[in-house]
Amino acid sequence: MGRLQKILIPFLGLVLAFWFYSARENFKPEMLKGKRVIVTGASTGIGEQMAYHLARMGSHILITARTEAKLQKVVERCLELGAASARYVSGTMEDMAFAEHVVKEAEASLGGLDMLILNHVGTSYFGYFDGDVGHVRKLLEINFLSYVAMTVSALPMLKESEGSIVVVSSMAGKVGFPFTVPYSATKFALDGFFSSLRQEFSIQSVNVSITLCILGFIDTGKSSHPSPSPCPTLPFTALCHRLSPFTSQHTLGSLGDPTKKQSQNSVLSHAP
Ligand SMILES: NC(=O)c1ccc[n+]([C@@H]2O[C@H](COP(=O)([O-])OP(=O)(O)OC[C@H]3O[C@@H](n4cnc5c(N)ncnc54)[C@H](OP(=O)(O)O)[C@@H]3O)[C@@H](O)[C@H]2O)c1
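Before going into details, it helps to say that this report is about the structure given with it. Counting restarts for each chain, with residues numbered from 1 along the sequence as it is written. Only residues with pLDDT of 70 or above have their local features reported here, since the model is predicted, and side-chain atom pairs are shown and tallied only from 80 upward, although totals for entire chains, interfaces and linings are computed over all residues.

**Focus: the overall build of the protein**
Only DSSP runs of H or I covering at least 4 residues are called helices, and only runs of E covering at least 2 are called strands; the numbering of each starts at the N terminus. Secondary structure assignment for the protein yields 7 helices and 7 strands. Along the protein, helices and strands appear, N-terminal first, in the series α-β-α-β-α-β-α-β-α-β-α-β-α-β. Within the protein, the proportion of its 272 residues that are buried is 44%. We call two residues in contact when their backbone-placed C-beta atoms lie within 7 Å. Intrachain contacts of the protein at a sequence separation of at least 6 include 74% that bridge at least 24 residues. Each residue is classed by its C-beta neighbour count within 10 Å, where at least 20 other C-beta atoms makes it buried, 12 or fewer makes it exposed, and intermediate counts make it partly exposed; the C-beta atoms are placed from backbone geometry.

**What to know about the pairing of strand β3 (residues 85-90)**
Taken together, the 6 bridges between strand β2 (residues 60-65) and β3 define a ladder with parallel strand orientation. Bridging across to β3, I63 finds its partner in Y88. Should DSSP find at least two bridges between two strands, the strands are taken to pair.

**Regarding helix α3 (residues 68-81)**
Each turn of an α-helix holds 3.6 residues, which means side chains three or four residues apart point in the same direction. Helix span is expected to be 1.5 Å times the residue number reduced by one. When the terminal C-alpha atoms of α3 are compared, their 20 Å separation across 14 residues agrees well with the 20 Å that a helix rising 1.5 Å per residue should span. Positive backbone phi, approximately 110 degrees, marks G82, located one or two places after α3.

**Thoughts on the site of the ligand**
The full set close to the ligand counts 30 residues, and G41, G45, A65, R66 and T67 are the nearest of them. Taken together, the elements giving at least two residues each to the shell around the ligand come down to α2 (45-56) and β5 (164-170). For the shell around the ligand, the element with the most residues is α2, which contributes 3 residues. Classifying every residue of the shell around the ligand gives 10 nonpolar, 16 polar and 4 charged. Throughout this description, a residue near a molecule or strand is one whose C-beta atom, derived from the backbone, lies within 6 Å of it. Any residue outside Ala, Val, Leu, Ile, Met, Phe, Trp, Tyr, Cys, Pro, Asp, Glu, Lys and Arg is labelled polar, Gly included; the first ten of those are nonpolar and the last four are charged.

**So, the packing of α2 against α3**
In this analysis an axis means a line fitted to C-alpha atoms, helices contributing only their contacting stretch, and an angle means the value between N-to-C directions, from 0 to 180 degrees. α3 packs onto α2 with a crossing angle of 25 degrees between their chain directions and a minimal axis gap of 8 Å. Classified by the angle their axes make, α2 and α3 are roughly parallel. Crossing hand, α2 versus α3: right-handed. Residues E48, A51, Y52, A55 and R56 of α2 form the contact with α3, whose own contacting residues are V74, R77, C78 and L81. Looking at the contact of α2 with α3 residue by residue, the classes come out as 6 nonpolar, no polar and 3 charged. Roughly parallel covers angles under 35 degrees, roughly antiparallel covers those over 145, roughly perpendicular covers 65 to 115, and oblique covers all other angles. Crossing handedness is defined as follows: a turn of the near helix away from the far one that is anticlockwise and smaller than a right angle gives a left-handed crossing, while the clockwise case is right-handed.

**Quick look at the nonpolar core**
Residues of type Ala, Val, Leu, Ile, Met, Phe, Trp, Tyr and Cys that are buried and joined through C-beta atoms within 7 Å form what is called a nonpolar core. With 61 residues, the main nonpolar core has V39, A51, I61, I63, L116 and V167 as its most contacted residues. Examining the composition of this core, we find that 9 residues originate from one element, helix α5 (residues 133-161), more than from any other. Dropping the residues within four chain positions of it, I63 is found in contact with V39, A42, A51, L71, V74, V75 and Y88.

**Notes on helix α6 (residues 181-204)**
Helix length check: α6 (24 residues) gives 35 Å between terminal C-alpha atoms against 34 Å at 1.5 Å per residue, within 8%. Residues of α6 that are buried include every one of V181, P182, Y183, S184, T186, K187, L190, F194 and R198, and no others. S205, located one to two residues past α6, shows a positive phi value of around 55 degrees.

**Some thoughts on unusual backbone geometry**
Excluding glycine, residues mostly have negative phi values, and the peptide bonds linking residues are mostly trans. The phi dihedral of E162 is positive, around 55 degrees, even though this residue is not glycine. Tracing the backbone through its elements, the reader meets E162 in the loop between α5 and β5.

**Comments concerning the environment of G221**
Along the chain, the position of G221 falls in the loop between β6 (209-215) and α7 (249-254). Of the residues examined, G221 has 7 C-beta atoms within 10 Å and is grouped as exposed. C-alpha separation for the pair G221 and T44, spaced 177 residues apart in sequence, amounts to 9.5 Å.

**Some points on the packing of α5 against α6**
Two elements in contact, α5 and α6, have axes separated by 9 Å at closest approach and are oriented at 30 degrees. Judged by the angle between their axes, α5 and α6 are roughly parallel. Taken as a pair, α5 and α6 cross one another with a handedness that is right-handed. Residue-level inspection shows H135, V136, L139, L140, N143, F144, Y147 and V148 of α5 in contact with α6, the latter providing P182, Y183, A185, T186, A189, L190 and F193. Along the lines of polarity and charge, the residues of the contact of α5 with α6 split into 12 nonpolar, 3 polar and no charged.

What follows is the structure, encoded as C-alpha cells:
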C-alpha cells in the first residue's frame, strides 16, 4: 500500500501538472489574422520573434522598446513577412506615462486592441543581492508597474474586443533561486497581480483572458535579464532548453488565443 502511494501520488501529480500546463492543440494561424496586437520589448529576443510570428499570421502590430533603430528594422521585416500593418513607438517603460502612451497610440492608429503582449524586461545582474534598493525599485517599475499601467489603459479596449493579455514571465517568478533576487521579485509580482486579476475577471464575467507564460532558459543570443547559465546546475534543469524561441506556431498558440476565453499559465520550454 505504502509503495503504491509512493508511486501513485507522484504519478497523479505529474498527470495533473501536464494537463494544467499543456497548451491546447486547436490553434490556427487564421485566428490572429487581422488582430490588433501590441508587443512590448520587441526590438530583440523573444519579443522580436513574436512580432515576426504575428506578422506571418497577418496581424496588425504595434511594437515598442527603447532602441528606435532596431524597432525600425523589426517593423520593416514584419511588413515583408505579411503583417496587415506594423508600426513602432520608442521609449522607456521606466516612465508610466510612456507605458500608457503606447496603449493610446494603439487606440489612435488601430482603432482598438485584441491582444496585449507584455514581454519587456529591464537589465539586472546575476549574483548575490547587493542591497541596492534603488535598483529593485527601478526594476519593479520596468518589469512590473509598467505592465500594470498598460493593462489598466488597455482594459476598456480589451473588454470591447473580448481580447487577451499575455504576460511573459519566468521560472524565477515561480520558484526562488539564488543570484536573481531583484529580477525574481519582479516576476513574482507579475504572478500575484495577474493571477489574482484573472480570478476577479472570472467572478465578474469579464471576457478578457490572461495568460502567464512561464519560460525556462531560452538562448536568444542576448538576454539582458539574469538567466541562470549554465542552466543544468539549477533545479529547473528539466525546463531548460537552448533553442530559438518561438519557432513554431504551436508555441505562439500557447501564448493565448483571442478567440478562446480560457485563461491559464503556460510553461513554454519545449523544443521546437
Ligand atoms: N531568454 C530567456 O532565457 C528567458 C527566460 C525566462 C523568461 N524570459 C522572459 O522573456 C521576456 C523576453 O526576454 P528576452 O530574453 O527576449 O530579453 P531581451 O532579449 O533582453 O529583450 C528585452 C527587451 O526589452 C526591451 N527593454 C529593456 N529595457 C527596457 C526599458 N527600460 N523600457 C522599454 N523596453 C525595454 C529591450 O529593448 P531596448 O533595449 O531597445 O529597450 C528588448 O526589446 C522577458 O520578460 C524575460 O523575463 C526570458
